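Chain and residue survey
Read off the chains here:
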Amino acid sequence: MATETGWEEPVLRATDITMRFGGLIALDDVSLEVPAGRIVGLIGPNGAGKTTMFNVLTGLQEPTRGRVDYLGDNISRWPPHRRGRAGIARTFQRLALFSRLSVHDNLVASWESSHPGAVLGRNRAKRIERVAEVMGLLDLWPVADRMAGELSTGKGRMVELGRALCTDPRVLLLDEPGSGLDANETAAFSAVLRAVVSDGGDRHPDVAPPAILMVEHDMALVMDVCSSLTVLDFGRVIARGTPSQVRADANVRAAYLGDASAV
Amino acid sequence: MSQYWPFIIIGLFTGSIYGLAAMGVVLTYKTVGVFNFAYGAIAMFCAFTYWQLHDSWGLTAWVAMPILFLVVAPLLGVALEALYRPLAGLSAEVLIVVSVGVLAALGAVVPIIYGKQDRTLQPIFPTSTFALGSHFHVGYDQLGTLVISLAVAALLWALLRHTRFGTSTRAAVDNPDLADMVGVHGDNVRRSAWILSVMFAALVGILISPTQGLDVNQLVLVVIYAFAPAVFGRLVSLPLAYIGALVLGVVVSLLSKYANSGTVANLEAAVPYLALFALLIIMGGRLKEAGASSRRLSVSTRSGGGSGGAGAVRARHWVVGVLGWRLRLDRSLALGLVGFALALFIPLAVPGPRLIDITFAVVYGLVALTLVVLTGWAGQISLAQFAFVGVGAFTAGHLSGSHGQHFLLAVLVAMLVAAPLGILVGLPSLRLSGLYLALATLAFALIMDNVVFNRGDVSGGLTGITVPRPKIFGLSFTGRASLYELALVVFGVVAVAAYAIRLGPIGRRLQIVRDSPLAASTLGVNLTVTKLVVFAVCGMVAALGGTFYGALQQAVTPFDFMWSTSLTLLLLVVLGGRSLISGALIAGAVYGVEQLPIPASVNQYFPLAIALGVIALAQEPEGTVALARREARRVMTVLRPLPRRSVGGGHQIPMTSGPDVAVAAGSSPMGSGHGH
């Protein structure tokens, strides 16, 4: 089913999303699709509307117009927690760790948040198993008892990813997961991402591996792991396609050169 | 129409004074980011000072006024600026606590300096009237107040709008660092703002005291009227705040015309609080907090010791996971259990009347515990917790008293009544946090105080209602010792439950909703349900405390649950340690000590000491417990034998090996590190 990449319905589809803040148009008729088992990149210069798009997809911000479909349901009016429970997980560009909980408890709390009845102690054995699995996958055991608030950015991003994975997501939205990572961490990270979408390691057979939508500035990482890209600039889609198509696109070059010259 | 004019005039007169107060509150909020809960207390302090100078020492107004406005007010302003300067950028919670601490400190200082008896302040304008038109008369004092208020308000507005001080202020608020670089001295701007704000408070104090009476509590309450207009101006707009205050003054005055007619009796007194509550709910998400706090409370980073390899850590977490919660029979739980066991024998050692005080302390501790959970753990500030105690006390009192119902039934009903009220107070928390939530709960406490507890059919009027001691299944708890044991057991059960919850999934849920509500919601936490359940449960337990409060006192009156009792509770909980169960117990103990028959000459310093302690410990979630721990550690360090000097300049604790090092040490590529 969802593991087959040839599946016609995408896991997550946004249609004609428009977002205005007063006179500012943050998103202008943006559509995108995330097919199962794929890593899709959402790129663009700073202020292009990428994080706003994530907020719309996760329900943190209500768009002025447009709809979001997830596994065949129109979820446009679902509150954030309902989307989270249904399998849409995300990380944050500015880390949003539970800083006063240990790394292990960050993951535990995440599992408990996303599984019905867990807060009352249900399915504890499953929780232990899944949390241990993710801790291992992301190599978090060495820092298991550290307070999340005292981690480096790189480790913090791993904890956020782990927290997202503990919800058993069907689609994973990663907001600049590569920023703050050094070269070694980045290499390890792309290996982890591939593992997550290909077979997910020792995943439960009943949970399909998630699709990934990621916002990222590290072009090497994006070109390495993404199978398709959508490029935003000033809230509009200016290009789409495979990494090589996008790299050759004149609009993209213009947008990025403009961005680069400003830096 | 003409019959309304006198009320409109009076409304404009009082409204113009509230307008000054609202502007003073807005001024410090928009320039310094501090919402001054103590504003009324500052006005009160200034009014008393003026009384001392003018009415008591007989100085003429021409001498007393300059002393008040050019010496006393600036000094107080400078002192306040110095107090708040180190707190810049801290969470709303800390600022609220400090500001309530200042309120309590001034309320405690004034009786010490000026004595306790009420007095009247001579009006600064003549009270004679002149006729306006043919139907009504206007007092010169009313006209004078209105004129002065309008003039001063216009002056402040012009000052902020058209002078260098104004632009500096805006610069210093928008970006303190940048402002510093272009030569705006933030400290000077903030100090000027504080001084101006205190001057406004002084003006409010001497204008309003002649009509409202000069009393420690009255003025504090009256200035809270100004909070609604201040919120109406979103805490940033001076003109809107002022206009809002005038409208509020007129509305209240017009309503007072009908004050004596039955159903709306006393309603006009509650209108400003109802307006505050309604405004906060309506304006909801559009209200923004100033100086979005970048700094956080000192995070208690007591991580588990890094002993053992990853395998051992993993094994331990598995054990912990299976057991359900960290059954840490650690020092705090052990101490608690030993303490509880010892406390059971207190009646053998303590004489009866004192035993009642101790029982009060236990019940107070139970109520304090609800605030620990709500504020210390869930991060929701409540300035209304004692309202639930009142609800519990009156509900259970009526049921077990005049209706002769079973005590347990009375307790149950009391808690069931409190639950929806808890949800009602929790409603603003869905859209508001920090300061605005605190204001909404304060409004709720004032509404309960003025509208509900004041009703004769609820509270039995000024004399209150009598409450019998409990009887449960033939066991009678009429004796002091038995009632004490019952209260202690109830406290113990609730405390152990709270302890267990804290370490389990629910405790984690509260923590994540506090640490990052957005992240929690995207993971699947329903913030609405979580917050409302916490408010409801804490309200129910507070009501449980209320049923004991009544049974213990054998009578309850509206005065037992005045709005200010909730503020006192917050102060004591902060003092004890708002993130700790033992903090609640300390709060109860301090309350108990206050009840002891200590000579008034000593006892009057008690509230002051508490207030100053709270101000000092506001940033410390573990309050006096943290203080004690720190001191104990220091004593231990001093007592420890000196280590022999090592060659390499002393050994550093190898704690700084950072996460990256840990990764490097244990990293095979991460993707392959899983599998059992």
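Cut-offs applied
Residues numbered from 1 in each chain as written. Chains lettered and ligands numbered in written order. Predicted model: local features only at pLDDT ≥ 70, side-chain atom pairs only at ≥ 80, totals over all residues. Domains from an automatic or database assignment. Contact = placed C-beta atoms within 7 Å. Helix = DSSP H or I, 4+ residues; strand = E, 2+ residues; numbered from the N terminus. Nonpolar A, V, L, I, M, F, W, Y, C, P; charged D, E, K, R; others polar. pLDDT = per-residue confidence, 0-100. Expected span 1.5 Å × (residues − 1). Buried ≥ 20, exposed ≤ 12 C-beta atoms within 10 Å, placed from the backbone.

1. Details of the domain arrangement of chain B
Residues and elements named next belong to chain B. Domain parsing of chain B yields domain 1 (5–257) and domain 2 (331–561). Between the C-alpha centres of domain 1 and domain 2 the distance comes to 35 Å. Residue-level contacts link seven residues of domain 1 with six residues of domain 2. Among the elements of the structure, helix H4 (92–114) and helix H10 (227–232) are those that each provide at least two residues to the side of domain 1 that touches domain 2. Residues that form the side of domain 1 that touches domain 2 fall into these classes: six nonpolar, no polar and one charged.

2. Comments concerning the confidence of the model for chain B
All names here are of chain B. Here chain B averages 84 in pLDDT, while 87% of its residues score no lower than 70. Here residues 291–307 scores under 50 on pLDDT; set against residues more than four positions off or in separate chains, the count is 28 contacts. Within the model, pLDDT remains below 50 along residues 648–676, and this stretch shows 37 contacts once partners closer than five positions in the same chain are excluded. Listed scores for the predicted complex are pTM 0.86 and ipTM 0.90.

3. Here's the deal with helix H8 (residues 186–212) of chain B
Residue and element names in this part refer to chain B. The end-to-end C-alpha distance of H8 is 37 Å, a good match for the 39 Å that 27 residues give at a rise of 1.5 Å each. Taken across its 27 residues, H8 has 21 buried, putting it largely inside the fold. Within two residues after H8, Gly 213 carries a phi angle of roughly 85°, on the positive side.

4. Things to note about the environment of Ala 609 of chain B
All names here are of chain B. The topology assignment puts Ala 609 in helix H28 (residues 605–617). Among the residues examined, Ala 609 registers 13 C-beta atoms within 10 Å and is labelled partly exposed. Sequence separation between Ala 609 and Ile 581 is 28 residues; the distance between their C-alpha atoms is 22 Å.

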